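# Overview (structure and organization)
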Amino acid sequence: MGYIDIIGLNIPMIAMDKSAVREYVEQAQSVIEASPQMDEANTKAAVLRDFLDLLGWEIPTNTQLEYSVKAFGKTYKVDYALVLEGVPVAFVEAKGVDTSLTENHREQLRAYLKNEDVNLGILTNGEEYEFFRRRVIDSKVEVNTLGETNLEELPERVTILRAFTKDAIQNDEWKKILDRINELKNARDTLENEKDDLAEDIVELLTENVSEVISSHAESQSKELIDRLVENIEDEIEVDSNGPSPPPVDGYIVNILEDGATIQSFSDSQQREVMAEVVDYLVAEHGLISEIEPLPYIPGRKKVIINDQRSYPDEEREMRAPKELTNGYYLETHDNKKGKKREIRRLAKRCGLEVDFDGGW
């Protein structure tokens, strides 16, 4: 077995790689498009069996169907138990394409993992994928969400997928993969939550050791440095099979399409900059604001994406990384790569347009 280096780790190479994930996604998409209301039984047969194959698990060799588990004082059946040497090492709970994943489904899987002392779990309906890890910290059992994604963006989550492969679990490498992801997430959170203090420390260090004359330059660039570090960390978390690499020379590219033809292209070395350029174009040239009014525009439950002021409706807090757009509107750019792509797609769709991502995306 060969080895590859992923974000500083020597991890055994496995058959599953980014191209294999793309192949699975394309096949699953075609099946779902043909039967968008598939129930659970058909989703398992037509989509999720191939997903298990992708991860190196085979039915019935090392995958048991309808495995009995205890939860909430009763006995239930988890859809798939991934088994090594007769012991379950991961559970996969499946729903149909016709069923959205809910908090009840998540609590159900968490209970299975806790009660059966199983460390890894996946909840999926073929279109949505959520990954879980059971840990014991100071004698307390916790089941945390490792990440969630949709079918289209599954190739960007190869690192997490690799942790659930038979080879990674069998060789006990899944812990190294997930622990490293956790360390990176903690580092990202610290950089984001303590951005102002860290920026001040950078300015102080430079002025003390170089010269006071550079203080204004240091002040303007220290926060941008932290923003770039956060983006680089997020790229590493979503690393492909060859390990982290910087964006290509063209940076992050977004193409705007109308009726399948590209009508405008944008690129920048930073995700947040190209996102702002795209949204500003939609505002100025395609009447985006009239499509999303009234402001503030909040596509989810809490997060303001576009507003005519930096503050939230309650005026007690402001956007974390606002970019000013045409006519005094503000865009929230504080999000990971997946979130930025989702919002760009959603806003373009409001204008009757499509987008295509290239470069470092």
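Residues numbered from 1 in each chain as written. Predicted model: local features only at pLDDT ≥ 70, side-chain atom pairs only at ≥ 80, totals over all residues. Heavy atoms only, no water.

### Examining helix α11 (residues 337-350)
Taking 1.5 Å of rise per residue, 14 residues should cover 20 Å, and α11 covers 20 Å from first to last C-alpha, within 8% of that figure. Here α11 has its buried residues at Lys337, Lys338, Gly339, Lys340, Lys341, Glu343, Ile344, Leu347 and Ala348. (Helix = DSSP H or I, 4+ residues; strand = E, 2+ residues; numbered from the N terminus. Expected span 1.5 Å × (residues − 1). Buried < 20%, exposed > 50% of the residue type's maximum accessible area, 1.4 Å probe, protein only.)

### Brief notes about the confidence of the model for the chain
Summarising the model, the chain shows a mean pLDDT of 88, and 91% of its residues fall at 70 or more. Predicted confidence for residues 1-15 stays below pLDDT 50, and this span has 36 contacts to residues more than four positions away or in other chains. Within the model, pLDDT remains below 50 along residues 239-249, and this stretch shows 17 contacts once partners closer than five positions in the same chain are excluded. (pLDDT = per-residue confidence, 0-100. Contact = heavy atoms within 4.5 Å.)

### Focus: the sheet that holds strand β6 (residues 120-124)
As summarised here, the arrangement of the six strands in space is β3-β4-β5-β6-β7-β8, forming an open sheet in which the pairing is mixed. The outermost strands of the open sheet, each flanked by one partner alone, are β3 (63-71) and β8 (140-150). The average undirected angle you get between the axes of adjacent strands in this sheet is 35 degrees. Sheet contacts for helix α3 (residues 103-116): β3, β4 (74-84), β5 (87-94), β6, β7 (128-137) and β8; angle to β3, the most-contacted strand, approximately 85 degrees. Taken strand by strand, helix α6 (residues 174-193) contacts β6, β7 and β8, and its axis lies near 95 degrees from that of β7. (Pairing = 2+ DSSP bridges. Axes fitted to C-alpha atoms, helices over the stretch in contact; angles between N-to-C directions.)

### A few points about unusual backbone geometry
The linkage connecting Ile59 with the following residue, Pro60, adopts the cis geometry, with an omega of 5 degrees. Within the secondary structure, Pro60 sits in the loop between α2 (40-54) and β3. The phi angle at Glu66 is positive, at roughly 50 degrees, despite the residue not being glycine. Note on placement: Glu66 falls in strand β3. Of note in this structure, Ser139 is not a glycine but carries a positive phi near 70 degrees. Structurally, Ser139 can be placed in the loop between β7 and β8. Residue classification places Ser139 among the exposed positions, given a relative accessible area of 74%.

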